[in-house]
Each structure stands twice: as structure tokens, then as C-alpha cells.
Amino acid sequence: MPAVLDCQMLLNQLREITGIQDPSCLHNALKAANGDLTEAVTILTEEQVKEPVQDAVAAEPSNGEGSAAGKGLRTDVIDLAPDNKDDLQAVIALSLMESPKVQTVERDANGAHETNAAENKNRSKRKRCEVWGENPNQNNWRRVDDWPVGLKNIGNTCWFSAVIQSLFQLPEFRRLVLGYTLPQSVLENCRSRNEKRNIAFMQELQCLFALMLGTHRRFVDPTAALELLREAFRTAEEQQQDVSEFTHKLLDWLEDAFQLAVNVNSPGDKSENPMVQLFYGTFLTEGIHEGKTFSKIEAFGQYPLQVNGYRDLTECLEGAMVEGEIDEKATTQSVKYGQERWFTKLPPVLTFELSRFEFNQSLGQPEKIHTKLEFPQIIYMDRYLYSSKEAIQKKREEIRLLKEQIAVLQEKLERYMQYGSGPTRFPLPDMLQYVLEFVTAKLPADGPSTQESPVAPSEPQAEPRVLDGPLLQNSALKMEDAEKPEDAASAPADTPPQPEPVSKPVHSSASLTKVPERPAPHVATEEEMSLVRTCLQRWRSEIEQDIQDLKDSIARISQSIEKMYCDPLLRQVPYRLHAVLVHEGQANAGHYWAYIYDQPRKSWLKYNDISVTESSWEELERDSFGGLKNASAYCLMYIKDKMPRYVADDDAGAGQFQKEVEDLPPELKHYIQEDNWRLEQEVEEWEGEQSCKIPQIEPSSASESQDFFSESGPDQPSACEPDLHSLSSQHAMMAKEQTAQAIANTADAYEKNGVEVALCKAFREEYSRLYLLAKETPTPQSDPRLQHVLVYFLQNNAPKQVVERTLLEQFADKNLSYDERSISIMKVAQAKLKEIGPDDVDMEEYKKWHEDYSLFRKVSVYLLTGLELYQNRKYQEALTYLVYAYQSNTTLLRKGPNRGADESLIALYRRKCLLKLNDVAAALFISSDEAHVADGVSILNELIIPCMHLIINNDISQDDLDAIEIMRNRWCSYLGQEDMDATLQMKLGELLPRLLDCSAEVIVLKEPPKIRPNSPYDLCSRFAAVMESIHEASTVTVK
């Protein structure tokens, strides 16, 4: 049994480390490595990845979802959930019912309680990287001070992490679990298989909690406790319809385990059970049914609440506590049905289960309810207690009467706001205003004209001015031409000529003004007009006042209702929000995490599998209230605020966990010490292996740019030159043809006045040319910034010193050795360059400007390459280039709007490429061909999921959010499909948590291959060709 479990555990770890899902591939690698996990990872990561099939036809997305199993009622404790209550965790059932590929061996139930202690001591050693596959850097293995640790997701077990973390952070619950013991006589007399299983689970939970207290690791592995759950759900006698409600099962097991200890002194007395005392309460139901009154007391653990039709938690509770209408004076002739619930005993830990799932009868499958539901951090339960029944019933009656008043007032208000007798109705004040405007409108002095032609529109009034347009423009341009350089003389050609009018208007503009703008009375005396105006204005004022009075009355009554329960006497039983368990996804699939309030730190923490991060109430609201996206709370855990032993001590702070470790039994202390010793061994082994490897230095942004622009050739700068001179020299060299032309234009000045004058003339003319180029308006097919580094600098208002030095360095380029004149000018420029000291130019700033331009060219090349690949349907390669283009471009745009490329264009084709690639991956996945399925999974793991995470973790647009929802819904629609193989369903269950959760994973995306850069001319030509191709939607390939 241990060997088989170790094998399966290693396969799970290898799958998470490498992202490879094919069991046979993982098994072969593990076999070739003789069980060494590190060696197996090396074998798999060094293999060539098979390129997925590109010509696969993607299926259309489907909105269908799998079905979820129904629920059953508990038999030992009365459960309040209805037959179709929350299918919260269909994916839990899926993960619990999975069977591993390796052969499973039945655990010997009869010896469980005898051998469990020995197993804890002699538990098989963890293989190195068992828990650390996500990040092999040993600096990230260790826990930081007393920071809470995470729990590893071992395959669709995020629900386990969310529930266990919420319970562990309850000091009283943690104390009970870690202090659990049974007399030896009880252990010896255990005969029931369930009792032995519950004891074994309690011992595994003890070990897990001990590690969560004292481990030096950043997160721990809960496999042992989870394996017991998996085995329990696999056995026939444990099969239940309620498998998705894990928390019910967990509390049942814990209750039964503690009952064994209670039975020693109080046989059968559940009131002494610590789990019952902590989590269970009772409520009284009173009502009338078929004319007969009834009353009964029931117990509850997790109280179910409906979400549909309610705005917040108090409304949910009010709806759950009162059903129908109770009329105590009802006779047999007039019988009304109704019932009220009153809590008679509230537990210290009060858990509300939000019913966010319902069964769609028409579709025949469950659906998630995404509506918004608010809940407070403090809730007062006085208004739901039986002890407050008399006062609350009076207040409910007052609220009922007030709501009736509001209904009457709303009806009156509606008559004003929806006035009229036809199908279309309007607010009465607006109608009176319209009539008033009609009355005050006046006809022209000569009355309405019936002889004028109706064909003359209002536009021809402006047509005669068209003739003046070109004249004024031409004269203005001529004046401007006198002030502009000669090179700008052709600029007016870009202005489109104004067309001359084809025909004259039929009527003059004076006649057109006689047409009234709106209807007006034909015949009315001044007395009549005055009387009507006075009446309409008075009536409108009266009605507006009536409307305002009604609104004020409604607001005043509503405020009275809201303050109805603000009585200090009804605020004696406060409960503070302890944990919020969140589900993201659809009814049949999703990801789970928890927000838990840390009392000593006075802050909310987010527990997302291995990740534990500081959060805020604002983030909790966004993720938990619902209504914005597919994430919403499905379980709320409140703690009684006036019971100190159930709440963490405010003064505990740092060192609290260490104090609890010191109070642990010796065997648990030894277990923690042994695990921490193993961690040190793993770190030493890792460091030893790293010291034997050749270190790989990560390139800096400047060195990346240097590598990006480096080309083979005798004239290239040496790799040993500083980054600054390399980049600026590269930019000068790219402009050598333009510089040579500028030098050629100074032949006369050179012959007549010498080299100094020639350099000054060339400098001024080149600056003037580049300045005009920078002022040109870019078009979709051209970007002047690609032509020259100084165009980029000028458009972004670079400092004058940076611009002048860059231009001077252009003339000092050693590649200008064409003739004697070029060499002379180059030497003078080099001499002037040496005279510029650090006080004249901030060299650090100079370097950053050149780095930015280098990155801009890189973004442009990546963008063009990605667009070309996309048009040739090479979506995998295209996506990588587009993603890197977007990420680098974002860095540039933070410095200014003209620093980078068109962000919307990159985002558009990144989104298109992602959707296309998702279609390809989905088509491969559902093909059922083993090789194609592996290719589809590879595309999803290596490209689609990392790209989605990058998009979501930045400022995401609505278009990107919609695209991601389309992709997620497509994969979720495959869950539960009857025609899909069970193996595919298992693979799908492993993929969905990563697909749906975008916060607990380190994003790793392979960088695209380096590209040989283009010259400015070639890059501009390529840019024009690709952009023209995009607008014409034709495939283009530019060499």
C-alpha cells in the first residue's frame, strides 16, 4: 500500500511540476529515472515538445453544462436543506470519485487504530520537490516568520483547502483537534469500521494541523487526510447523494470521533460533544398547516439561505424565518398557512450556506446564480431569537403596515409618472411642459407658407460658403509656406480639395428661416395665451410639488424601516464575520478559495491553495458579493463576538503559533521536528546540485536590447563595449544612409568654408528634416518613429541635450568612412563628442532614452511578426510574439502615450489569436485521439492558461473579459458529457482549476525566438505592408 501511494503521489507531483498530463509519459519518465523525481523532471523538460496539429477544425462553443448529483437528507441530525439544495461542489464529487491509474490496495480497517501511530512516525519520506514543484528556488520554500502556510492542491482539492483553512484559523477548533486523545480502553474496544476510520482521520488531521502550526515550509501537503476521504467515498456503503457537501461529511466524522471520548463519561449524550457545542444550534418552528397549529424544535449545522430575490443577508434571513402569513384568529372557514422560525440556541460558530445553484428544468441541468448579495462584517442575531419573539413580532407588524403605506404612495406616484390612457405613457410634469412649449411657440409674421417648395433642406444654407473654403485655405497655406523650410512645401498636398456645389438652392437662406421649428397655435389672442400659460405653469408646479412630497414620504418611511432594528436592546448578540468561502465558475466546475479575517493582524488574508496573501475588505467584496463576474460567496462563517475563547487574542501577534507548538504532545512535536529536518536536507541537496551547474545569468533590459540588435559583420561594435555606447552606436549606425545623404548635401560648404562649417550645416539640415518628420500625422500604414531614433525622441519631448548628443553621435559614427569629406566630418564630430562632459548631459537619462527606443523597435518587430503569423494561421507562434509585444509595450506606455505602439491593435489580435488557439486546443481535446488530446492539453497548459493569467492580472478590458468567459464556458461545457471518455473527464477535471483561477499560479510563458532586426527602411516597408494587409484582410508575407 505505501509503495503504491508513493508512486501515485510522485506521478501527481510530476504532473504539477512539468504541466504534462499524459499518465503514460509521466510513468515512463519516472521509470527511466528509477523513481528520482528530479531526474524525471529533467528528462521531461529536455525533450522536444511535439508541435500541435495546426489544421484542426475547431468546434463551436457550447453553452451546455453537465449535470450534478442530487442531494439527500441527513438522518442523525435534522438538515434544513431542501431536496434540491446547493449543488455547491460538483467538482468535489468528481475529484473524490477519481480512481488512480495505479492499482489501489485496500487498507486494513481492523488494524487502522493500532498501526496509525506507527505510520505517523515512520511515514515515507517526502521526495525532494514533492511540494516545491511550482517553484524550485529554495528561497521560496521557506515560511516567513509566523505567516500562515498554504495547502497544496493535489488535484481538484481546492475546496478542501478552503474549508480546512477556515476551520484551522478558529483557535477553539484548532485546540480541540490538536488536543484530541482517546483512552486505551476505547481504542481496544473499537469494532466498527466507521469508528476506526474516524479515529484515523482525526490523527491525520492532527498531523496536518501540527505542520500548519510549526512547519518551516511555505505550504504543506494534505494528501494523507485526503486519501482517507477518497477511500471513504469509493466504498459502496459510504456512497451518498450528498458527496458534494464536503463540510457536512467532515463535521459528521469529527462529531463521531469526539463522541467516542464523550461516551466514556456520558454515554450517548451529544450535548457534551465539543463539535456539537461549537457548530450546532437549534431552532423552533411554529405555524399553521391545514388549520392546525404545530410546533417543533430542530437542530442545524449549516443554515441554508436562498439567494434569489434578496439584496443582502438580512433579507435572506428574514425570508427564511417567515414563510406565508400566520393569523392566530383564523377560523376553520378562513384558514391561512404560514410558519415562523426562531433560533432557540445559536452556536459559537454560525455558518450560512448560500444556495447559489438551482436546477434549470428546461435545460435539464444545474445553473449557478450570479446575482449580487451583500453581507456585513458584523451581524446582530437578536431579531431572529425566540427570546426576542414578542418584540420582533411587533416590529414586523409595524414594518408590514409601513410597507403597505409605501405601496399606496408608490401607486400614487406611478399615476403621476406614467400618465395617459394609451400604450405609451409619460410623466405628467413633462406632458404639461410639452403643452406649455406648444403654447409659447410662435408662427412667422406672415403665417405658415403653403407655396414654397418642400424640397429645400436646411443644409443648403451653408453651401455658398464652400466656395470660400479653398481660397481661405490656400491663402493661409501660402502665408505658412513663407515661414516653413523648403522641404515642407509639399505638405498642403495632403489636404483633400473641397468639392464645389453642384446646384444652387431653390430658395434663399432668408426664406428658409420662415419654416417653424415646431408646431404652434394658429389663432390665439393674448388673453387666451396668458390664461393658458398661467394655468399650465401653476398646474405643473403643483404636480411637481405633489411628486416631491410623495418621494419624501416614501424616503422617510423607508428610513424608518431601516432603523427599525437599530434599538440597542436588539444589538446584544453580535456575530463577526470570520471566513468567506468563494466559488468561481459554473454549476458543474470551478475553483474555490477563502478569505479569513486575521484578528491579531487586523486584516483579511486570502487563502488560495499554496498561496496565502494579504487582502482587503474591498477585494473580498469584489470577489464575494457576486453580480460582477463568475465569482461569489457560497459559505459565510460568523463567530460569536462576545466569547473570547472562540476568537483569536488581539495581543497574540507574532509567536502565537510557536507558543501553541510548545504545548503540543511530544509525538506531534517530534513529527514537526522531523519534517523540518527533512526540509533542511532537501535544501542542502538542492544547493549542492546547483553548485555543480553552470550559472545562467538573466539578461538585463539593456543586454536584451543589445542582443536584439546585434548582427554579424566586421563593422559591428564589440560585445565588450558598455551597453550605453552599444545602443546609441547601434542607433547611429541604423541612420548611416540618412547621415551620408546629409553630408553629401554639404559639398559646397565643405569646399568653400571647411569641415567645421560643413558639419554645422549638415547638423542643422538633418535636425530640420527630422523635426518636420516628427510633426507629421501618423497614418494606419506609417509610423515615422520607426524611421529614426530622433523622431521618437522629438515626439516624446526628450531633453534638448539628449537630442543634440544623439544627433552628434550620428555624425561621429565610424561607419561613415566613405570619402575624405565624410572622414573629416566624422573626426570633428568625434572630437566635439569627447568635449561633452557629464555636467552637460545626464548620461543615465541618456541611456534610458536609448533603451526605450530599443524596446519600442522590439515591440514593433514582435507585433509585425505576430500579425504575419496570425494571418498565416500559425496561432501558437503568433500568440507568444503578441503577448510579449503587449507586455513590453505596457512598460513603455506607462511613461507616455507616444512611447509605445498601438495598444488596442495588439490587444485585438492577441484576443483573436487566443480564441483561435482555444478552438484548436478544444478540437484536439475532444477528438479522443491520444496524441491529439496530448497536443490540445499542451497548448492549454503552455500557452492559453499563462496568457489568460497575464491578461487577468493586469488592467483587463471588457472585450478581453468576455473572450476569457467564452473560452472558460467552452471547457466547462464538456463536463458531464455522456459521450466523453472517463479519462478525458479526469483530464478535464485537472485542467479546470488552473483555467478558472488566475491568482495562485506563477506565470511562466516561453519567450519567442530572437528575430534579426530590420533596417529602418525595411522595417517601415514591412509595417506598411502588414497594416495594409490587415485592413484589406489578405494574407501577407514580407521577407
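Residues numbered from 1 in each chain as written. Predicted model: local features only at pLDDT ≥ 70, side-chain atom pairs only at ≥ 80, totals over all residues. Heavy atoms only, no water.

**Q** Hey, could you run me through the UniProt feature "coiled-coil region" (unreviewed entry) in the chain in this one?
**A** UniProt marks residues 385–419 with the feature "coiled-coil region" (unreviewed entry), using the numbering shown here. For residues 385–419, the end-to-end C-alpha separation is 46 Å, with 83% helix and 0% strand making up the annotated structure. (UniProt positions renumbered as here; feature names shortened; annotations may be inferred. Helix = DSSP H or I, 4+ residues; strand = E, 2+ residues; numbered from the N terminus.)

**Q** Is there a simple way to think about unusual backbone geometry in this case?
**A** Only a minority of non-glycine residues have a phi that is not negative, and only a minority of peptide bonds are not trans. Despite not being glycine, N797 shows a phi value in the positive range, around 55°. Take N797: it is sitting in the loop between α27 (789–795) and α28 (800–811). Even without being glycine, R873 reaches a positive phi, approximately 65°.

**Q** What is the right way to look at the sheet that holds strand β3 (residues 281–289) in this model?
**A** Two modes of strand pairing occur in sheets, parallel and antiparallel, and in both the strands are linked by backbone hydrogen bonds. Ordered in space as β4-β3-β7-β6, the four strands form an open sheet in which the pairing is antiparallel. With partners counted over all chains shown, the strands left at the sheet margins are β4 (292–300) and β6 (322–324), one partner each. When strand polarity is set aside, the average angle formed by the axes of neighbouring strands in this sheet is 15°. Across seven bridges, the pairing between β3 and strand β7 (residues 338–345) is antiparallel. Its bridge partner lying in β7, L284 is registered against W342. Against the sheet, helix α13 (residues 313–321) makes contact with β6 and β7, and its axis sits at roughly 55° relative to β6, the strand it touches most. (Pairing = 2+ DSSP bridges. Axes fitted to C-alpha atoms, helices over the stretch in contact; angles between N-to-C directions. Contact = heavy atoms within 4.5 Å.)

**Q** Where do I start with the pairing of strand β9 (residues 357–360) in this structure?
**A** Each regular strand displays side chains that alternate between the two surfaces of the sheet. Alignment of β9 against strand β10 (residues 365–368), held across four bridges, turns out to be antiparallel. In the strand pairing of β10, E358 is matched with E367. Hairpin connection of β9 to β10: four residues between the antiparallel strands, including G364 at a positive phi of 70°.

**Q** What should I look at first to understand the packing of helix α9 (residues 193–214) against helix α11 (residues 246–262) in this one?
**A** Each pair of packed helices can be described by the angle between their axes along with the distance between the axes. Close contact between α9 and α11 brings their axes to 9 Å; oriented N to C, the two are set at 100°. With respect to each other, α9 and α11 are oriented roughly perpendicular. Across the interface between the two elements, E195, R197, N198, I199, F201, M202 and L205 of α9 pack against L250, W253, L254, D256, A257, F258 and L260 of α11. Taken together, the residues of the contact of α9 with α11 break down into 10 nonpolar, one polar and three charged. (Parallel < 35°, antiparallel > 145°, perpendicular 65-115°, else oblique. Nonpolar A, V, L, I, M, F, W, Y, C, P; charged D, E, K, R; others polar.)

**Q** Got a minute to help me understand the side chain of R174 in this structure?
**A** Relative to the helices and strands, R174 is located in helix α7 (residues 171–178). Look past the residues within four positions of R174 in its chain and what remains in contact with it is F168, Q169, F209, L213, F657 and E660.

**Q** How do you make sense of helix α15 (residues 428–440) when you look at a structure like this?
**A** Side chains of residues three or four places apart in an α-helix project in the same direction, reflecting 3.6 residues per turn. Taking 1.5 Å of rise per residue, 13 residues should cover 18 Å, and α15 covers 18 Å from first to last C-alpha, within 8% of that figure. Where α15 is concerned, the buried positions are L428, P429, L432, L436 and V439. All buried residues of α15 lie within an arc of 100° about the axis, which places them on one face of the element. The secondary structure elements touched by the buried residues of α15 are α14 (389–417) and α18 (526–562). (Expected span 1.5 Å × (residues − 1). Buried < 20%, exposed > 50% of the residue type's maximum accessible area, 1.4 Å probe, protein only. Arc of directions from axis to C-beta.)

**Q** Is there a simple way to think about the packing of aromatic side chains in this case?
**A** Note on aromatic pairs: each is described by the distance of the centres and the angle between the planes. A full pass over the atoms with the stated rule returns 29 aromatic pairs. Arranged with centres 6.0 Å apart and planes meeting at 80°, the rings of F283 and Y303 form a pair that is edge-to-face. With F283 in strand β3 and Y303 in strand β5 (residues 302–306), this residue pair connects regions lying 20 residues apart in the sequence. Above the plane of the ring of F168 lies R174, whose end atom (NZ or CZ) is 5.1 Å from the centre. The ring of Y846 has R805 lying over it, and the distance from NZ or CZ to the ring centre is 5.2 Å. (Phe/Tyr/Trp six-rings, centres within 6.5 Å; stacked < 30°, edge-to-face > 60°. Lys NZ or Arg CZ within 6 Å of the ring centre and 35° of its normal.)

**Q** Help me understand the nonpolar core in this model?
**A** Within the largest apolar cluster, 96 residues are counted, with the highest numbers of intra-cluster contacts made by F793, F811, F925, W971 and L992. When residues of this core are sorted by domain, at least three fall in each of domain 4 (727–841) and domain 5 (854–1036). Not counting the four nearest positions on each side in its chain, F793 is found in contact with A798, V802, V803, T806, W849, H850 and Y853. Counting residues in each nonpolar core, the second largest holds 70 residues, with C158, L226, L228 and C635 among its members. (Core = buried A, V, L, I, M, F, W, Y, C linked by side-chain atoms within 4.5 Å. Domains from an automatic or database assignment.)

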